[in-house]
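# Architecture at a glance
Okay, here's what each chain looks like letter by letter:
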Amino acid sequence: MNEVRTAAERLAQASRDKVTCAPVRDLVGDAEAYEVQQLNIAARVADGAGRVGRKIGLTSPAVRRQLGVDQPDYGVLLDDMAFEDGDVLPTGRLLQPRVEAEVAFVLSEDLVEGPFDEESVARAVGAVLASLEVVDSRVEGWDITFADTVADNASAGLYVLGGERKDLRDVATKDVRMVLSVNGEERSTGTGADCMGDPLSALAWLATTSAALGTPLRAGEVVLSGALGPVVPVRAGDEVEATITGLGTVRASFGRDA
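Now for a quick tour of the structure.

What counts as what
- Numbering of residues begins from 1 in every chain and follows the order in which that chain's sequence is written.
- The model is predicted, so local features are restricted to residues of pLDDT at least 70 and side-chain atom pairs to those at 80 or more, both for listing and for counting; the totals for chains, interfaces and linings are taken over all residues.
- Hydrogens and water are ignored here; the side-chain numbers use all heavy atoms of the structure.
- Working definition: helices are DSSP H or I runs of at least four residues, strands are E runs of at least two. Numbering for both runs from the N terminus.
- The globule rule used for comparison is 2.2 Å times the number of residues to the exponent 0.38, while the radius of gyration itself is calculated over C-alpha atoms.
- Note on exposure labels: buried denotes an accessible area under 20% of the residue type's maximum, exposed denotes more than 50%, and partly exposed covers the range between, all computed with a 1.4 Å probe on protein chains only.
- Whether two residues are in contact is decided by their heavy atoms, any of which lying within 4.5 Å being enough.
- Each accessible area is a Shrake-Rupley estimate made with a 1.4 Å probe; only the visible protein chains count as cover when residues are assessed.
- Neither His nor the chain termini are counted; the positive set is Lys and Arg, and the negative set is Asp and Glu.
- For charged residues, the charge sits on one atom: NZ in Lys, CZ in Arg, CG in Asp, CD in Glu.
- By the criterion applied in these results, polar contacts are pairs of N or O atoms within 3.5 Å in which, for protein atoms, one can donate a hydrogen and the other can accept it, and in which residues neighboring in sequence qualify only through two side-chain atoms.
- Only one rule defines a salt bridge in this text: a Lys or Arg side-chain nitrogen within 4 Å of an Asp or Glu carboxyl oxygen.
- What makes a patch is a set of residues exposed beyond 30% relative accessible area and free of salt bridges, joined within 9 Å when like-charged and within 5 Å when nonpolar (Val, Leu, Ile, Met, Phe, Trp, Tyr).
- Multiplying one less than the number of residues by 1.5 Å gives the expected span of a helix.
- Picture the helix axis, draw a direction to every C-beta atom, and the arc is the one those directions span.

Secondary structure assignment for the chain yields six helices and 13 strands. Taken over the C-alpha trace, the chain has a radius of gyration of 17 Å; the compact-globule value for 258 residues is 18 Å, and the two agree within 12%. Out of the 258 residues belonging to the chain, those deemed buried represent 55%. Here the contacts in the chain between residues at least 6 apart in sequence split such that 75% fall between residues at least 24 apart. Looking at the chain as shown, the accessible area adds up to about 10900 Å², and 46% of this sits on carbon and sulfur atoms. Charge separation in the chain, taken as the distance between the mean sites of 25 positive and 42 negative side-chain charges, equals 2 Å.

Here is the structure:
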């Protein structure tokens, strides 16, 4: 337990000081990484942040290749991470930001008892939206293993939900196509099938994993289902736009704050 607390403090200190830190895999393995994540989330909630959902990471083969990780993970979304379509994002809160486009789900029902599959989780989806996730790592140079990114809340940073809420019955999530541009230049493309075969498959994986860990998904939660294509580094001053067929366009810009 001492190692878990030491790893949690190393990551928390990096976040407070806005200075990247060494990986934590010298302290914890895969089995303990979610304990580290939970400690730091509990501390942020104690400081006033609210839990609003989950994010699934490492769902895209392209992203796994980029980061050298071979399985999905998940993190917790807090209310101070949430932004709206067209917002200017506080770049000064971030250390090594990268952006990706995702299908987001808003749940209308709890997902407590499995087994879960695409059909059962689809019934719990109240709305589906285009989204941007800004991933960020407290670990220097994104030098991460599975344990590092899980401990670091699945490398969560900020997220932006698109302004168009769609009924899932009107969108074939497996077949959507995504184009992400930075400053008007196309930088990433992908499809719904690039997210574990279908974003609904990613949601079913999350429902199963969360329930097994004693933290089941609840009605009202936002779920970012994972990148549809490669992640793209961004910096202050950048303008980002992603279009996902059937879900519309979502935009954000990165402020020049220090």
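Along the chain, Ser155 turns up in the loop between α5 (146-151) and β7 (156-161). Looking at Ser155, its side chain comes within polar contact range of the side chain of Thr149, at 2.7 Å. Ignoring any residue separated from it by four or fewer positions in sequence, one finds Ser155 in contact with Lys55, Val135, Asp136, Arg138, Trp142, Ile144 and Thr149.

Quick look at the pattern of salt bridges now. With the rule as written, the count across this model stands at 14 salt bridges. The salt bridge involving Asp167 is made with Arg169; its shortest N-O contact spans 2.7 Å. The network of salt bridges with common partners includes Arg25, Asp143 and Asp148.

Turning next to a negative patch on the surface. On the surface, Glu3, Asp30, Glu32, Glu35 and Asp70 cluster together to form a negatively charged patch. Ranked by the residues each element gives to the negative patch, the list is headed by helix α2 (residues 30-46), at three residues. For Glu35, a relative accessible area of 36% puts it in the partly exposed group.

With that out of the way, let us pick up unusual backbone geometry. Residue Gly114 is joined to Pro115 through a cis peptide bond whose omega torsion reads 5°. A positive phi is found at Ala154, a non-glycine position, where the angle reads about 55°. Mapped onto the elements, Ala154 comes out in the loop between α5 and β7. Residue classification places Ala154 among the buried residues on the basis of a relative accessible area of 3%. The backbone of Met196 sits at a positive phi, close to 55°, despite the residue not being glycine. Residue class for Met196 comes out partly exposed when judged on its relative accessible area of 28%.

A separate point is α2. Along its 17 residues, α2 runs 25 Å from first to last C-alpha, staying within 8% of the 24 Å computed at 1.5 Å per residue. Within α2 the residues assigned to the buried category are Ala33, Tyr34, Val36, Gln37, Asn40 and Ile41. Each buried residue of α2 lies within a common arc of 155° when the element is viewed along its axis, so the set occupies one face. Structural note: α2 exposes Ala31 and Ala46 on the side pointing more than 90 degrees away from its buried face. Close packing links the buried residues of α2 with α1 (2-17), β1 (51-57), β2 (73-78) and α5. Count one or two residues on from α2 and you reach Gly48, which has phi positive near 120°.

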